[in-house]
Amino acid sequence: MVIKTKKYLPWIILLVLTFIFVPGCGPKKDNGKGVTPTLKTILITSQAEVVFPGETQKLAVKGLDQNGKEMTGLTFTWAVEKPDGVDENDVSLDTMEQGKFAVFSAEEPGEYQLVCQAKGVTGRVSVNVELPKVTTIEVNRDRAVLPPGGYLHLIAWGLNQKGDPMEEIEFEWLVDPKAGTIEGDYFKAGENEGEYEIICKAKGDEGVETRIKIFVGKSKVTTIEVDPSSAVLAADQKCQFTARAFDQAGDPMFDVEFTWSVDDEQAGSITPDGIFTAGDQIGEYKVICQADGVTVEIPIKIAIANDRLTTIAKELVGDSQAAWARFIDSPRLATILNDQALPAAQNVFMTIETVFSQVMHLDIFFYKPGTYKDLDELWNTEEQDEMQEGTWKFTEEPVYGYDEEIDDDVQIGVATVEITREADGTSSILTYVLALKYDDNSDVDHYEGRITVTDSNWGMVEDGTPYDNNLDFEINFALANSAEGSLAGNVNLNLTDYVEEIEPDDWEGYTVLNRLNGRSNGSFTYNSGKYAFDGDLSLLFNSDKEDYFQGTINLPDANFVGEMPLSYVSNPWLKDPPWEQIVNCSLVPKKLTLLGSFDDLSQESKLSSEGTFILELKNAAQFDFSGRYSEMNWPGIKLNFDGVLVSEDNDQLAGTLSVEEVAWNQLDVRIGYDLTLDNVTRRINLTAKSSDKSRMDIIITSGWGQAEIDMHLEFKPQLFYYDKYKEFMMGEASLSGQVSVEGKKVGEISLTDWGLRIDYDDGTFETL
């Protein structure tokens, strides 16, 4: 939804915060036909699980009929049942929108009952107001191996009920005297070897503790890792196995002697250095590695030449399929992105856009306070010489949205806006209440909050003259059609303001962003899920400095942590700034970097990712963005990802992906990754390089066997071209190739109507 106003405030903020969320409009309600809806249930949802004294708890209520569908037009009444001994003045309960939303707070801890009624039906919810206390203790090490007399530095920190760090917490460290002694922040191991625990407790919070496992004595082998972790070999073929050992704390050990053997003498032989020579008996065997009583077994397969070659080839093809099916095409990842991240980001975008566009009418304060039908009525009154204090209210301010069918803006509802301005000599403190009622239903979206704006130069500059403006804002919202919750944050804005006349039928002026620095944070509830974000934002639009967002994004089922640096470059082909009505910037983006991690919080899923993604336009300084893609004008796109992706089933893909436009109509693709499936790791490599504008050669190889997939793509008329309608198109592709092992062809590749097909020399085939 695009909402028009007198001012066009910094949309670039919204583009960045698109990655940060909030609830929007939901489906229309349908109570069925021919059945009279009857209120049966009152459903109350709350914003936070833990409330501290003085904090607010926001609640929303819905009335459900006999079919479980939400009813409209209800008026709810609220009451508080407070614990004994709590004064009435220490409890607050405010309601809005016929009681559909409530805000509760209490100064004293205890269990409060909130009672909501409508049409004789009652709903209740308990709100526990608790003092902050330590509920979790975290330490710098959870296990360690120490020699007698060795030292371990002890560091601990406490987290409260919300998971936030607490300051000035005193910790008590306890340990069996046989293990050693604790002196200040250090543990000194004693002379008695063995396994012990150090207990850390928070003083004053009984039952809250954490434990560190300590091994006093000599480090010993507890885990062995062998590379490669599996092998397929022909008779008399050799393979070098190497091993690494790890101690009780998971730290690597050195100078460990390994013993190598095989489980069956028919498998072959292995030297003390781990060099295995395969026997001549077909079958599946195991290589055994031992050290200090710890044993690991490595599966191997011995095959005759032809069977072995086909086996290796099929393994490579299967691994290539698995890399897509288990990682790129992850259903769990798609669910998190489509059902949580994207809807929440869209709703945050709409919420911030709505508040800025409807509330930030800064020029109104040069007119007398009062109640007006809309802004047009206010603009027709006499303008004052100085800013006024008081309350301005617009009772029927139109709200517009874009209609794709007619390609124009249409009125979709009306807004009631109430803004109160107070001044302290340097800043304006704005308190606002905003209600949006849509034309197609009776639901109302509600927003309220507080904005502080610096008064320097405000409204006293000539057209086109810049001024800096520092602004702090807070938004609390309750959207009738979807979720209820709050969005609160503090952002420092530095704006350059251009007030100028443009098209008569369009806006009369707009504000252009010059630079922005600050912090954004918030939390809200969407479809009963908890969302939060917290990060630093810097937009300087300077070719000498990088812009960035750095912080965390929390979804109900996932956490994102990272940063996004962005660099710029000047471009002589730009006749006008690229975002002239949004940002005062004549530069173009050159390089965007995403660094961070993603973790799935579901106990049933291991999905996670960590790494660095880079998008760069190598030719951004000379590429004509408005011109045609040609041999003299190509952007030089370069994509690179380096990191680790773990699937839902704990399989792992670790490595590097690089895609680079090396010339007009020519690409260079390089992929190298370690694929771990069912605890077995294999190395896969892919290179795809254009030999000219219409041909690309692709090679896929394996690091565990001499298998290779060679493919050749032909594009007609070429890789990229313009058709007769001047549409940018990709050429029609044809494919040929073969699969080989140790230089011997074992299969041919063709492209069919059902996809890629591989026909093996042994009569079998596969499709990709």
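Along each chain, the written sequence defines residue order, and numbers are assigned to residues from 1. A pLDDT threshold of at least 70 governs which residues receive local features in this predicted model, and a stricter bar of 80 or more applies before side-chain atom pairs are shown or counted, although totals over entire chains, interfaces and linings include all residues. Note that water and hydrogens are dropped before the side-chain values are worked out from all heavy atoms of the structure.

1. What about the overall build of the protein chain?
Rules: Helical segments are the DSSP runs of H or I of at least four residues, strand segments are the runs of E of at least two, and each set is numbered from the N terminus. Buried, partly exposed and exposed residues are distinguished by accessible area as a fraction of the type maximum, computed with a 1.4 Å probe on protein chains only: under 20%, between the cut-offs, and over 50%, respectively. Contact definition: two residues touch when any of their heavy atoms are within 4.5 Å.
On a plain count of helices and strands, the protein chain comes out with four helices and 52 strands. Burial statistics for the protein chain: of 768 residues in total, 45% are counted as buried. The contacts in the protein chain between residues at least 6 apart in sequence include a share of 53% that link residues at least 24 apart.

2. Things to note about the packing of aromatic side chains
Rules: Each pair of aromatic rings taken from Phe, Tyr and Trp, with Trp reduced to its six-membered ring, is defined by centres within 6.5 Å and is described as stacked if the planes are under 30 degrees apart, edge-to-face if over 60, and tilted in the remaining cases. Criterion for a charge above a ring: Arg CZ or Lys NZ at most 6 Å from the ring centre, at most 35 degrees from the ring normal.
Inspection of every chain in the model, using the stated rule, returns 12 aromatic pairs. Judged by centre distance (5.0 Å) and plane angle (80°), the ring pair of Phe623 and Phe625 falls under edge-to-face. Under the relative-accessibility criterion, Phe625 is labelled partly exposed at 40%. Ring pairs connect the aromatic residues Tyr629, Phe720, Tyr722 and Phe728, which therefore count as one cluster. Here the basic side chain of Lys162 rests over the ring of Phe52, its NZ or CZ set 4.7 Å away from the ring centre. Sitting above the plane of the Tyr722 ring, Arg628 keeps its charged end 3.8 Å from the centroid.

3. Things to note about unusual backbone geometry
The residue after Asp227, namely Pro228, is reached through a cis peptide bond having omega -5°. Topologically, Pro228 is positioned in the loop between strand S18 (223-227) and strand S19 (231-234). The amide bond that connects Lys716 to the next residue, Pro717, takes the cis arrangement and shows omega of -5°. Structurally, the position occupied by Pro717 is in strand S48 (residues 707-722). Of note in the backbone geometry, Glu168 takes a positive phi value of approximately 55° without being a glycine. Residue class for Glu168 comes out exposed when judged on its relative accessible area of 81%. Non-glycine residue Phe541 carries a positive phi angle of around 50°. When you line up the elements, Phe541 lands in the loop between strand S37 (529-539) and strand S38 (548-554).

4. Section: the pattern of salt bridges
For the record, the criterion: Counted as salt bridges are all cases of a side-chain nitrogen of Lys or Arg within 4 Å of a carboxyl oxygen of Asp or Glu.
Taken as a whole and judged by the stated rule, the model has 18 salt bridges. With its nearest N and O atoms 2.8 Å apart, the salt bridge here joins Glu197 to Arg211. Placement of Glu197 in strand S16 (residues 194-202) and of Arg211 in strand S17 (residues 209-216) is noted, with a sequence separation of 14 residues between them. Given the relative accessible area of 39%, Arg211 is considered partly exposed. One salt bridge connects Glu714 with Arg695, and the closest N-O pair in it is separated by 2.7 Å. Residue Glu714 is located in strand S48, and its partner Arg695 is located in strand S47 (residues 695-702); the two are separated by 19 residues in the primary sequence. Take Glu714: its relative accessible area is 29%, and that puts it in the partly exposed class. For Arg695, a relative accessible area of 26% translates into the label partly exposed. Residues joined in a network through salt bridges with shared partners are Glu197, Glu209 and Arg211.

5. Here we look at the pairing of strand S6 (residues 110-118)
Selection rule: Paired strands are those between which DSSP finds at least two bridges.
Pairing of strand S3 (residues 77-81) with S6 involves five bridges; the strand directions are antiparallel. Across the sheet, Glu81 pairs through a bridge with Gln113, a residue of S6. Bridge count between S6 and strand S7 (residues 121-129): nine bridges; the pairing is antiparallel. Bridge pairing links Ala118 to Val121 in S7. The loop that links S6 with its antiparallel partner S7 comprises two residues; one of these, Lys119, has a positive phi angle of about 50°.

6. Quick notes on the pairing of strand S46 (residues 680-692)
If a strand is regular, its side chains alternate between the two faces of the sheet. With 10 bridges connecting them, strand S45 (residues 666-677) and S46 associate as antiparallel partners. When the sheet's bridge partners are listed, Ile671 is paired in S46 with Leu686. What sits between the antiparallel neighbours S45 and S46 is a turn of two residues, in which Asp678 has the positive phi angle 55°. Between S46 and S47, which pair antiparallel one after the other, the connecting turn spans two residues.

7. Quick look at the sheet that holds strand S14 (residues 180-183)
For clarity, the threshold we go by: Axes, fitted as lines to C-alpha atoms, cover a helix only where it is in contact. Angles between the N-to-C directions of the axes lie from 0 to 180 degrees.
With antiparallel pairing, three strands are arranged side by side in an open sheet as S10-S15-S14. Each edge of the open sheet is held by one strand with a lone partner, namely strand S10 (151-153) and S14. Sheet twist, expressed as the average angle between the axes of neighbouring strands with direction ignored, equals 20°. Bridge count between S10 and strand S15 (residues 186-189): three bridges; the pairing is antiparallel. Pairing of Tyr151 across the sheet is with Lys188, part of S15.

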